[in-house]
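Observations on the model geometry
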Amino acid sequence: MPFPTHRLRRLRSSATMRHMVRETSLTPHDFILPLFIRGNLAPKTRVPIKSMPGCYHISPDMAAVMAKEAYSVGVPAVLLFGLPVRKDAIGSRAWAADGAVQRATLEIKAARSEVCVICDTCLCEYTDHGHCGVLKNERVDNDATLDLLARTAVSQAEAGADMVAPSDMMDGRVAAIRKALDQSGFENTPIMSYAAKYASSFYGPFREAAECAPSFGDRSGYQMDPGNSREAIREVALDIEEGADMVIVKPALPYLDIIKTVRDNFSVPVAAYQVSGEYAQIKGAAAIGLVDETKNMLESLTSIKRAGADIIITYFAVNAAKTLIRHMMNGGSMPLEVHGSD
Ligand code: PBG
């Protein structure tokens, strides 16, 4: 006779009680902050990104300032994207020793060596056609791209990157990058691969921010079909076999089932990327008073962690970390009283 013996409301009767039995809690250490480095900006510059309120294009030295700020509130890592001074057909600024990402990496490591610097390894911000690899007859040539990605990863490691994160979705790129890193003496540099990356409409604001929208076609020839989940298992398994140390599922909130599937099937750390469209939706809805930004932020991040993510890449990283700290200092009352309960 479940009722009245069992009353689940008993453990919900006070904030303290709810706090004690909460299964999933966020901490600032869960987050990775993405940064957009623009090579041609004057020092100490940050320019707001229209499509992503609260995010900036920053100069390489500014990356050190922002990474230190993030680190000071407990966010251990940044993920660097570069906007090069010029683009070409093969994306050669991706592996330039004086490229935006390489310079920012040097600056951050010099300013605060404890910050974990992760470099996004891809060509789309660097190619004049905006695709993630080199083209042959208007198609992305998988095998010809591998060597360029490997060179990019090595140049990032040479600049001091603590980790590289290939987001291109070419087949075999993790193995190619692992081999090149090892041959260059970076056998201790981990690879966090975007293993299950979907061809998603949620990347819109990012493509404006990173100036990397494809000039023709779309990315469905290399990124995953949103309808597929078994394929995510194959992608992740292959990346791990090729040497990935951690894997990313991306986007996050619309793909919670994929996060859970990957979590249940593999034992490597799983990161989830709360992408630009997820971020912009919360920001946009909050700006016109439809949702509470802070509560939406914390609830979405909690859901992503609850689904199985160990780490969340999010543009909210610093804001969320500060909010969590503020709540904890307020007499230990926890931040997840976010549902506007009665
Ligand atoms: C580039 C890349 C993209 C994102 C991260 N790396 C865009 C894309 O694949 O088109 C999206 C991130 C976001 O939307 O926040 N390979």
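Parameters at a glance
Residues numbered from 1 in each chain as written. Predicted model: local features only at pLDDT ≥ 70, side-chain atom pairs only at ≥ 80, totals over all residues. Heavy atoms only, no water. Near = heavy atom within 4 Å. Polar contact = N/O pair within 3.5 Å; in protein donor to acceptor, adjacent residues only side chain to side chain. Areas by Shrake-Rupley, 256 points an atom, 1.4 Å probe, with all protein chains shown as cover. 1 Å grid on protein atoms, 1.4 Å probe; cavity = no way out; pocket = protein on both sides within 12 Å on 5 of 7 lines; lining within 4 Å. Sits in = over half its atoms within 2 Å of the grid points. Nonpolar A, V, L, I, M, F, W, Y, C, P; charged D, E, K, R; others polar. Disulfide = S-S within 2.5 Å. Buried < 20%, exposed > 50% of the residue type's maximum accessible area, 1.4 Å probe, protein only. Helix = DSSP H or I, 4+ residues; strand = E, 2+ residues; numbered from the N terminus. Contact = heavy atoms within 4.5 Å. Right-handed = clockwise from strand over helix to strand, strands pointing away.

Considering the site of the ligand
In the vicinity of the ligand, 19 residues are found, and the nearest of them are Arg207, Arg219, Lys250, Ser276 and Tyr315. One nitrogen or oxygen atom from the side chain of glutamine 223 is found 2.8 Å from an oxygen atom belonging to the ligand. A distance of 3.3 Å separates a nitrogen atom of the ligand from a polar atom in the side chain of lysine 250. In isolation the ligand exposes 400 Å². Once the protein is present, 100% of that is buried. Spatially, the ligand is embedded in the largest cavity. In terms of residue class, the shell around the ligand is built from 10 nonpolar, 3 polar and 6 charged.

Description of the state of the cysteines
Under the criterion given, the structure shown has 0 disulfides. Here cysteine 212 stays unpaired: no disulfide links it, and the sulfur of cysteine 124, its closest cysteine neighbor, is 3.8 Å away.

Details of helix H6 (residues 173-183)
When we look at burial in H6, the residues that qualify are Arg173, Val174, Ile177, Arg178, Ala180 and Leu181. Among the structural elements, strand E5 (116-121), helix H5 (142-159), strand E8 (163-166), strand E9 (192-197) and helix H8 (230-242) are those in contact with the buried residues of H6.

A word on the side chain of aspartate 239
Mapping aspartate 239 onto the fold places it in helix H8. Here aspartate 239 falls in the buried class, since its relative accessible area comes to 3%. Within the structure, aspartate 239 has its side chain in polar contact with the side chain of serine 193 (distance 2.7 Å). Beyond its immediate chain neighbours, meaning those up to four positions away, aspartate 239 contacts Arg173, Val174, Ser193, Tyr194, Ala195 and Ala244.

Considering the pairing of strand E10 (residues 246-250)
A regular strand places its side chains on the two faces of the sheet in alternate fashion. With 5 of 5 residues buried, E10 is to be regarded as a mostly interior element. Going residue by residue along E10, you find Met246, Ile248 and Lys250 tucked away on one face and Val247 and Val249 tucked away on the opposite face as well. Traced from E10 through helix H9 (residues 256-265) to strand E11 (residues 270-274), the parallel crossover comes out right-handed.

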